[in-house]
Amino acid sequence: MEQGILLRELNHRINNGLALAINLVSAAAVRAEGSEAKRALSDMVELLHGYADVQQALEMPRGKALIDAATYIRMMGCAMRRSLLDRMNIRLALDTESLPLQPERCRRLALIVHGLVTEAAKHACFEARTGEIKVKLTRIGAVVNCVVLDNGSRSVRGAAGRGVRISNDLAKGIGGRIEHGFGTDFTSVVLSFPLTERERQANWAMAKRRIIRSSSRSKVGPSDASALYPGAKCPDRGSRPVATRPDPNPARGAQPISARPAPDALRELLSPGHVS
């Protein structure tokens, strides 16, 4: 309880600091003489707005209802594009499936993904290639696998940085572990962690509903297919992940397993067709 209050107070102070900085730089842009100075200050305002979006996306969720981790991560990813990745000419692809998690565990997952994407943007060597980072979130039985891949190269020593150590500590807090893979033209990080009993109930309930909907969709004519499969878009800034109610009589999940991405799977995962 006390830890949650302290975190919210810290977030409140950070938000106030960002708002103050935005106001000060905006005022300086209005007073500035010369188009070049105005453009530079306006660009700084836009950058600060991007970081404010990231901070908002990573705020501690309120309440105890389960949070859809896919929506949470997509919100954060859109904010990271604006604040960092677009400016570095790095493309971020998000391939996520709905995954109800407890609020604190969902936030820890988002913090890990944020840290790993930031590390890739800062330290990956893309050489002449267009930078690409891929986040893939899936569930296999009762285990969640989150893979962060990029098409840059890094040394094994780069896996011992402070940001990676923090991600490892966060992973331990949700009962998971992080594994690294390095190649001449790719770097991969796999986070695996088990679902709690409550999360297993909700995910199995969602899987059953998906099977029922799939059965219903198979009876729909081709003319109606476009209405059933709309294109995915970035969530609006004001949107929030949707809570999920668990099934009171769920099936039991499978035993935890560990997954390692093979090097030849990287190109398939980072293909342009997967970009959201």
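In this text the structure is predicted, and so the values were computed from the model without any measurement.

Rules used in this analysis
Residues numbered from 1 in each chain as written. Predicted model: local features only at pLDDT ≥ 70, side-chain atom pairs only at ≥ 80, totals over all residues. Heavy atoms only, no water. Helix = DSSP H or I, 4+ residues; strand = E, 2+ residues; numbered from the N terminus. Buried < 20%, exposed > 50% of the residue type's maximum accessible area, 1.4 Å probe, protein only. Contact = heavy atoms within 4.5 Å. Areas by Shrake-Rupley, 256 points an atom, 1.4 Å probe, with all protein chains shown as cover. Axes fitted to C-alpha atoms, helices over the stretch in contact; angles between N-to-C directions. Parallel < 35°, antiparallel > 145°, perpendicular 65-115°, else oblique. Left-handed = near helix turned anticlockwise from the far one by under 90°. Nonpolar A, V, L, I, M, F, W, Y, C, P; charged D, E, K, R; others polar. Core = buried A, V, L, I, M, F, W, Y, C linked by side-chain atoms within 4.5 Å. Patch = residues over 30% accessible without salt bridge, like charges linked within 9 Å, V, L, I, M, F, W, Y side chains within 5 Å. Salt bridge = Lys/Arg side-chain N within 4 Å of Asp/Glu carboxyl O. Lys, Arg positive; Asp, Glu negative; His and termini not counted. Charge placed at Lys NZ, Arg CZ, Asp CG, Glu CD. Pairing = 2+ DSSP bridges. pLDDT = per-residue confidence, 0-100.

(A) The arrangement of the overall build of the chain in detail. Summing up its helical and strand segments, the chain has eight helices and eight strands in all. Taking all 276 residues of the chain together, 41% fall into the buried category. Residue pairs in contact within the chain that sit at least 24 positions apart in sequence constitute 77% of those at least 6 positions apart. When the accessible surface of the chain is totalled, it reaches about 15200 Å², and 56% of it is carbon and sulfur.

(B) Highlighting the packing of helix 4 (residues 103-123) against helix 5 (residues 162-173). As a packed pair, helix 4 and helix 5 sit with axes 9 Å apart at the nearest point and diverge in direction by 160°. With respect to helix 5, the element helix 4 is oriented roughly antiparallel. When the axes of helix 4 and helix 5 are compared, the crossing they make is left-handed. Between helix 4 and helix 5, the residues in contact are Arg-108, Leu-111, Ile-112, Gly-115, Leu-116 and Glu-119 and Gly-163, Val-164, Ser-167, Leu-170, Ala-171 and Gly-173, respectively. For the contact of helix 4 with helix 5, the residue count by class is six nonpolar, four polar and two charged.

(C) Fine view of the nonpolar core. Counting 42 residues, the largest nonpolar core has Leu-85, Leu-109 and Ile-133 as the members making the most contacts within it. Setting aside chain neighbours within four positions, we find Leu-109 in contact with Ala-69, Ile-73, Leu-101, Leu-137, Cys-146, Leu-191 and Phe-193. In terms of nonpolar packing, the next biggest core, distinct from the first, is built from five residues, Leu-18, Ile-22, Val-45 and Leu-48 among them.

(D) Geometry of the environment of Ala-110. Residue placement: Ala-110 occurs in helix 4. The class of Ala-110 is buried, set by a relative accessible area of 0%. Sequence-wise, Ala-110 and Tyr-72 are 38 residues apart; in three dimensions their C-alpha atoms are separated by 7.3 Å. What Ala-110 contacts, discounting residues up to four positions off in sequence, is Leu-58, Tyr-72 and Met-76.

(E) Expanded view of a positive patch on the surface. Together, Arg-209, Arg-210, Arg-213 and Arg-217 line one region of the surface with positive charge. Along the chain, Arg-210 turns up in helix 6 (residues 197-217). A relative accessible area of 37% means that Arg-210 is categorised as partly exposed.

(F) Just the environment of Gly-141, in detail. In this structure, Gly-141 sits in the loop between strand 4 (131-140) and strand 5 (143-150). What makes Gly-141 buried here is its relative accessible area of 18%.

(G) Spotlight on the sheet that holds strand 7 (residues 187-194). Spatial ordering of the open sheet is given by 2-4-5-7-6, a layout of five strands whose pairing is mixed. Each edge of the open sheet is held by one strand with a lone partner, namely strand 2 (90-96) and strand 6 (177-182). Each adjacent strand pair in this sheet contributes to an overall mean axis angle of 15°, direction not counted. Examined bridge by bridge, strand 4 and strand 5 share eight bridges and lie antiparallel to one another. Of the residues in strand 5, the one forming a bridge with Thr-138 is Asn-145. Across the face of the sheet, helix 5 comes into contact with strand 6 and strand 7 while running at roughly 140° to strand 6.

(H) Quick peek at the confidence of the model for the chain. On average, residues of the chain score 76 in pLDDT, and 71% of them are at 70 or above. Predicted confidence is poor over residues 224-233, with pLDDT under 50, and the contacts of this stretch with residues over four places away or in other chains come to five contacts. Between residues 242-275, whose pLDDT stays under 50, and residues either more than four places distant or in other chains, the model counts 69 contacts.

(I) Focus on the pattern of salt bridges. Enumeration over the complete set of coordinates arrives at nine salt bridges. A salt bridge links Arg-82 to Glu-46; the shortest N-O distance between them is 2.7 Å. With Arg-82 in helix 3 (residues 69-85) and Glu-46 in helix 2 (residues 35-57), the pair connects residues that are 36 residues apart, well separated along the chain. Here Glu-197 and Arg-200 are joined by a salt bridge, their closest N and O atoms 2.5 Å apart. Placement of both Glu-197 and Arg-200 in helix 6 is noted, with a separation of three residues, approximately one turn of the helix.

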